[in-house]
Number of protein chains: 2
Amino acid sequence: MRLTILFFFLAVLFHLSVAQNQEENMIKSFFNEALTDYTSYNNLEYLCKNYPGRITGSEEVSGAIEYVFQIMQEMNLDKVFKQKVQVPRWEMGNGAKAYIKIRDDKIEVSVIPLGLSIGTNKNGLISKVVEVHDFEELEKLGRNKIEGKIVFFNRPMDPTLINTFNAYSGAGNQRTQGAAEAAKYGAAGVVVRSLTTSLDDFPHTGVMRYAENGSQIPAVAISTNGANLLSELLTKEPALDFYFESDCKNFPETTSYNIIGEIKGSEFPEEIITVGGHLDAWEPGEGAHDDGAGCMQSIEVLRIYKKLGVQPKRTVRAVMFMDEEVAQRGGKEYARQAKLNNEKHYFALEADEGAFRPLGFGISAPDERLAKIFALKKYFEPYGITQFTKGGGGVDIDPLGDLGTPISSHVTEMQRYFDMHHSGNDTFEQVNFREFQMGSAAMASFIYLIDKFDL
Amino acid sequence: MRLTILFFFLAVLFHLSVAQNQEENMIKSFFNEALTDYTSYNNLEYLCKNYPGRITGSEEVSGAIEYVFQIMQEMNLDKVFKQKVQVPRWEMGNGAKAYIKIRDDKIEVSVIPLGLSIGTNKNGLISKVVEVHDFEELEKLGRNKIEGKIVFFNRPMDPTLINTFNAYSGAGNQRTQGAAEAAKYGAAGVVVRSLTTSLDDFPHTGVMRYAENGSQIPAVAISTNGANLLSELLTKEPALDFYFESDCKNFPETTSYNIIGEIKGSEFPEEIITVGGHLDAWEPGEGAHDDGAGCMQSIEVLRIYKKLGVQPKRTVRAVMFMDEEVAQRGGKEYARQAKLNNEKHYFALEADEGAFRPLGFGISAPDERLAKIFALKKYFEPYGITQFTKGGGGVDIDPLGDLGTPISSHVTEMQRYFDMHHSGNDTFEQVNFREFQMGSAAMASFIYLIDKFDL
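Below is a short write-up of the structure. (Residues numbered from 1 in each chain as written. Chains lettered and ligands numbered in written order. Predicted model: local features only at pLDDT ≥ 70, side-chain atom pairs only at ≥ 80, totals over all residues. Heavy atoms only, no water.)

### As for the overall build of chain A
Here's step 1: Scanning chain A for helices and strands turns up 14 helices and 16 strands.
Here's step 2: The C-alpha radius of gyration of chain A comes to 24 Å, within 12% of the 23 Å expected for a compact globule of 455 residues.
Here's step 3: For the C-alpha atoms alone, the extent of chain A along its principal axes is close to 95 × 40 × 40 Å.
Here's step 4: Taking all 455 residues of chain A together, 60% fall into the buried category.
Here's step 5: Within chain A, contacts between residues separated by at least 24 positions form 82% of all contacts whose residues are at least 6 apart in sequence.
Here's step 6: Working note: accessible area of chain A is about 18300 Å², and carbon and sulfur atoms make up 51% of it.
Here's step 7: Positive and negative charge centroids in chain A, built from 46 and 62 side chains respectively, lie 3 Å apart. (Helix = DSSP H or I, 4+ residues; strand = E, 2+ residues; numbered from the N terminus. Rg over C-alpha atoms; globule rule 2.2 N^0.38 Å. Buried < 20%, exposed > 50% of the residue type's maximum accessible area, 1.4 Å probe, protein only. Contact = heavy atoms within 4.5 Å. Areas by Shrake-Rupley, 256 points an atom, 1.4 Å probe, with all protein chains shown as cover. Lys, Arg positive; Asp, Glu negative; His and termini not counted. Charge placed at Lys NZ, Arg CZ, Asp CG, Glu CD.)

Below is the structure:
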């Protein structure tokens, strides 16, 4: 009898160990496949070079939609479809020009319109400058000092923060709300220091929003080198003038699409696991790290499963969300349809932190489920992927999270991210093949294990 | 009495906790300083742009020696000096040219001479090609099949290895010994697949060695794209010809220098901690990641100490070693002088894995000491620096290790390293400021703690 128990115990142990080995081998095969196949990387190059500056609602984004749709159609998936989304349409026009004027000298600096900003009139805008670092400073100065002037928001991202995303968040309200705040005091326009950790001549754009009933004033971002120069000159010549012109414009909303490809689940086809990125991006870059890469990594998860004959139990969807950058309509519509059609969304993962070395996953889920997901870490340690942390998601899947779906983010090493983010520097050449594909393999592994172990 | 013990116990705890806080704060201040000061990064740019291709014994390297000597002289260090080193002198000449010849078609491919190789004669070398992947294959083919031919070593670095340095090591003997092995069977020359994980048109050079009494045949590296093309064409046209020409040359040995700057220790000035990189590099790159960066990071350790008023107990030396790439004479001479002068070398750290995101430190030391050093990990965790592993050092400090000094290596995230290594792609632009300076701060912190805690 005792011997029977011992044998039983050993058999269970053996079974567990074989099972773990099987998963380890599967994950190794995901990494091997990713690190030796260039399909996804080549597709990213094609997307970046043929459809750069994919601003929501633009012509470039229409071409990109057809392109990724075609890629997925040729993959022999179970279903590929588009989901209609109503999106805002804003055009950057010819960009923006600016100079600092001191008496007869004009010193050109690099600027770019902020997304959703109105343009200046044809003659541009020229005015004295008030430099501030936050909204408190603005309030203290008051209408008296600000009216008719250009407000220059010059609070840098904190370079001493190791997590550059936190540094971005810490400086972000200047860009998103700077114009709205400055308009309260009668400012004529705003110039915002680019949200980047690097010192260079690339201006970095991104969305801004006017107050609902506030007046609308033109807003541009200035490169960090330009911002430092302007600030330095202001201390010497406080009465200098700043000139900028832009012809960006808002148009009526237009129709666009989320693009979705899926492998049907073998056991629970009605349960959906979403893995996605967003297809829209900013001019004048190529939207490589942000977020062509996340789209291609999501498609690559499906390609790897097909290639290696992995049949997930649940339906796995690669979703290219539309309009993450401007009004997040794609993510909202995806969740709205999910609710409307009573879909069961089991889990979601978003890749929107750049295709750098994967570090781990941030996860938002109930505590018990979270603990089980954290236990997956052992499978990733051989790949140096060790950061499994509470709290995750992404702009596009957060609405699913609001409906109760556990959501997660692909966490990467973001030291270089803001050198490129929303600027002309976000090009395909900045994406390293190995880092990109380690990310794809990590995502394929994570989704595989979530599905396999019913987490 | 009991209360006294309790108070004593609490006082010790309090003291320990204050002490740990002090160290944590010091390390935070190292990172803050590194991430906000551009001195070292600007110096690296100057070095790369003014003294690229710093091959041992060359004119470029003489200029670089004077440059780093001058930088350290202006830092108000306690001592800056040069240490004479006899080094080999090999010149790459005009590089190398090559084409694949199929009947009347000539298809150009990118090649580069291997370091220490002889050149071809003026008319170049043209011959049939034998493709092999390792020395066993070579031996099986034998003199019959090889004599008079060009041997094409085409074993790729294994892309599925996550540690790219291991992949490099696994393919390295083709470059270092390929010519010597092929010469045994009467080969006319060798063409070696570039040691890189990327598929591109940059050929990657590096040192090779002839057998002591073997015959010397010219050797070049071919880009990975070129190697794939050659291999593909060979399957279709096994009788194709390969042509290459090179005018590289060996010259008599010459005098060069290690450059050394130091801060004298306050308590144990006779005990030396060395932190270094190597100043020599390969043409036609700028020796940015390999290893101008390691040199500048080592100097940056001293700059940070000076700036923050850190007075180490032991003498801390920044050493720019000479000739790591060819004959490792700088490291050997440094250790020889250490022995000759009976110097006490307490610890050494080498930075020669590229200035990527720091991951940790590899350390070679007796087990008891190692365990204490591993315990430093807690100070680095807030910076995502968590890999403290047994086994480390570097080509330049290994001779010190042979004398009994604990040695260590600055371990970085090397996914991108071999895209650049020993090629024209190793330029300043490939070095990211934050990754570079996080490395400097990590090195400053490590050395500081080793010294502080007498590890």
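What follows continues from the structure just given.
### Observations regarding the relation of the copies chain B and chain A
Here's step 1: With an RMSD of 0.0 Å, chain B superimposes on chain A once it is rotated by 180 degrees and translated 0.0 Å along the axis. The transformation relating the two chain copies, once decomposed into turn and shift, fits a two-fold axis.
Here's step 2: Interface overlap between copies is the fraction of interface residues in one copy that are interface residues in the other; for chain B against chain A it reaches 100%, indicating a shared surface. (Least-squares fit on C-alpha atoms with pLDDT ≥ 70 in both.)

### Notes on the environment of Glu413 of chain A
Here's step 1: Mapped onto the fold, Glu413 of chain A is located in the loop between β16 (407–412) and α13 (417–420).
Here's step 2: Once the C-alpha coordinates of Glu413 of chain A and Gly394 of chain A are considered, the two residues, 19 residues apart in sequence, prove to be 16 Å apart.
Here's step 3: Residues contacting Glu413 of chain A, with those up to four places away along its chain left out, are Phe356, Arg357 and Leu359 of chain A together with Arg357 of chain B.
Here's step 4: One polar contact links the side chain of Glu413 of chain A to the main-chain amide nitrogen of Gln415 of chain A, over a distance of 3.1 Å. (Polar contact = N/O pair within 3.5 Å; in protein donor to acceptor, adjacent residues only side chain to side chain.)

### Examining the sheet that holds strand β2 (residues 96–102) of chain A
Residue and element names in this part refer to chain A.
Here's step 1: As summarised here, the arrangement of the eight strands in space is β3-β2-β9-β5-β6-β7-β8-β4, forming an open sheet in which the pairing is mixed. Only two strands of the sheet have a single partner each, and these edge strands are β3 (105–109) and β4 (111–113). Strand-to-strand twist of the sheet, defined as the mean angle between neighbouring strand axes without regard to direction, takes the value 35 degrees.
Here's step 2: Relative to strand β6 (residues 150–153), strand β5 (residues 125–132) runs parallel, the two being bridged by four bridges. Each residue of the ladder has a partner; that of Val132, found in β6, is Phe153.
Here's step 3: Packed on one face of the sheet, helix α4 (residues 135–146) meets β5 and β6 and runs near 140 degrees to β5. (Pairing = 2+ DSSP bridges. Axes fitted to C-alpha atoms, helices over the stretch in contact; angles between N-to-C directions.)

### Here we look at the state of the cysteines
Residues and elements named next belong to chain A.
Here's step 1: Summed over the entire model, instances satisfying the criterion amount to zero disulfides over all chains.
Here's step 2: Among the cysteines around Cys48, which has no disulfide bond, Cys295 carries the closest sulfur, lying 10 Å off.
Here's step 3: Exposure remark for Cys48: the relative accessible area of 0% places this residue in the buried category. (Disulfide = S-S within 2.5 Å.)

### Details of the sheet that holds strand β10 (residues 249–263) of chain B
Residues and elements named next belong to chain B.
Here's step 1: Read from one edge to the other, the open sheet built from eight strands follows the order β1-β10-β12-β11-β13-β16-β14-β15, with strand pairing classed as mixed. Edge positions in the open sheet fall to β1 (79–91) and β15 (387–390), since each of these has one partner strand only. Mean inter-strand twist for the sheet, computed between neighbouring axes without regard to direction, equals 20 degrees.
Here's step 2: Note that strand β14 (residues 358–364) and β15 share four bridges and pair parallel. Bridge pairing in β15 places Ile363 opposite Lys390.
Here's step 3: Sitting on the sheet, helix α9 (residues 329–340) touches β1, β10, β11 (268–278), β12 (314–321) and β13 (344–350), and the angle it makes with β1 is about 140 degrees.

### Considering the pairing of β14 of chain B
Residue and element names in this part refer to chain B.
Here's step 1: Most of β14 sits inside the fold, with six of its seven residues counted as buried.
Here's step 2: The pairing of β14 with strand β16 (residues 407–412) spans six bridges and is classified as antiparallel. Among the inter-strand pairings, Ser364 is bridged to a residue of β16, identified as Ile407.

### Let's talk about the environment of Lys307 of chain B
Here's step 1: The topology assignment puts Lys307 of chain B in helix α8 (residues 288–308).
Here's step 2: Placed 219 residues apart in sequence, Lys307 of chain B and Pro88 of chain B show a C-alpha to C-alpha distance of 38 Å.

### A word on the side chain of Ser256 of chain A
Residue and element names in this part refer to chain A.
Here's step 1: Take Ser256: it is sitting in strand β10 (residues 249–263).
Here's step 2: Given a relative accessible area of 3%, Ser256 falls into the buried group.
Here's step 3: In this structure, Ser256 is in contact with Val61, Ile65, Gln83, Lys84, Val85, Val87 and Met322, ignoring residues within four places of it in sequence.

### Some remarks on the pattern of salt bridges
Residue and element names in this part refer to chain B.
Here's step 1: With the rule as written, the count across this model stands at 56 salt bridges over all chains.
Here's step 2: Ionic pairing is found between Glu286 and Lys49, a salt bridge with its closest N-O pair at 2.7 Å. One end of the pair, Glu286, is in the loop between β11 and α8; the other, Lys49, is in helix α2 (residues 39–50), and 237 residues separate them in sequence.
Here's step 3: Under the relative-accessibility criterion, Glu286 is labelled buried at 12%. (Salt bridge = Lys/Arg side-chain N within 4 Å of Asp/Glu carboxyl O.)

### Focus on the interface of chain B and chain A
Here's step 1: Of the residues lining the interface, 24 residues belong to chain B; the matching set on chain A comes to 24 residues.
Here's step 2: When chain B packs against chain A, close to 2200 Å² is buried across both sides, 54% of that on carbon and sulfur atoms.
Here's step 3: In terms of surface lost to chain A, no three residues of chain B exceed Ile162, Gln415 and Arg434 of chain B, which account for 29% of the buried area on that side.
Here's step 4: Taken together, the links from chain B to chain A amount to four salt bridges.
Here's step 5: Here Glu413 of chain B makes a salt bridge to Arg357 of chain A, at a shortest N to O gap of 2.6 Å.
Here's step 6: There are twelve residue pairs in polar contact (both at pLDDT 80 or more) connecting chain B and chain A. (Buried area = accessible area lost by both parts, 1.4 Å probe.)

### As for the packing of aromatic side chains
Two aromatic rings are characterised by how far apart their centres lie and by the angle between their planes.
All names here are of chain A.
Here's step 1: Within this structure, the stated rule accounts for 56 aromatic pairs over all chains.
Here's step 2: Here Phe321 and Tyr334 contribute two aromatic rings whose centre-to-centre distance is 5.3 Å and whose plane-to-plane angle is 85 degrees, an arrangement assigned as edge-to-face. Here Tyr334 lies in helix α9 (residues 329–340) and Phe321 lies in strand β12 (residues 314–321), a separation of 13 residues in the sequence. Each member of the pair, Phe321 together with Tyr334, is buried.
Here's step 3: With a centroid separation of 5.8 Å and 65 degrees between ring planes, the pair formed by Phe361 and Phe380 is classed as edge-to-face. One end of the pair, Phe361, is in strand β14 (residues 358–364); the other, Phe380, is in helix α11 (residues 377–380), and 19 residues separate them in sequence.
Here's step 4: On the accessibility criterion, Phe361 (0% relative accessible area) is buried.
Here's step 5: Put simply, the rings of Tyr38, Tyr41, Phe428, Phe433 and Phe436 touch in pairs and so form one group of aromatic residues.
Here's step 6: A cation sits over an aromatic face here: Lys79 above Phe81, 4.6 Å from the ring centre. (Phe/Tyr/Trp six-rings, centres within 6.5 Å; stacked < 30°, edge-to-face > 60°. Lys NZ or Arg CZ within 6 Å of the ring centre and 35° of its normal.)

### Remarks on the packing of α8 of chain B against helix α14 (residues 433–452) of chain B
All names here are of chain B.
Here's step 1: At a closest axis distance of 9 Å, the pairing of α8 and α14 adopts a crossing angle of 55 degrees. Taken together, the axis directions place α8 and α14 in an arrangement best described as oblique. Here the hand of the crossing between α8 and α14 comes out right-handed. Seen from α8, the contacting residues are Ala293, Met296, Gln297, Ser298, Glu300, Val301, Ile304 and Tyr305; seen from α14, they are Phe436, Gln437, Gly439, Ser440, Met443, Ala444, Ile447 and Tyr448.
Here's step 2: Its residues placed into classes, the contact of α8 with α14 shows ten nonpolar, five polar and one charged. (Parallel < 35°, antiparallel > 145°, perpendicular 65-115°, else oblique. Left-handed = near helix turned anticlockwise from the far one by under 90°. Nonpolar A, V, L, I, M, F, W, Y, C, P; charged D, E, K, R; others polar.)

### A few points about unusual backbone geometry
All names here are of chain B.
Here's step 1: The linkage connecting Glu283 with the following residue, Pro284, adopts the cis geometry, with an omega of -10 degrees.
Here's step 2: The peptide bond linking Asp290 to Asp291 adopts the cis configuration, its omega dihedral lying at 5 degrees.
Here's step 3: Counting through the fold element by element, Asp291 comes out in helix α8.
Here's step 4: A positive phi angle, close to 70 degrees, is found at Asp323, a residue other than glycine.
Here's step 5: Considering the arrangement of structural elements, one finds Asp323 in the loop between β12 and α9.
Here's step 6: One non-glycine residue, His422, adopts positive backbone phi at about 60 degrees.
Here's step 7: In this fold, His422 is placed in the loop between α13 (417–420) and α14.

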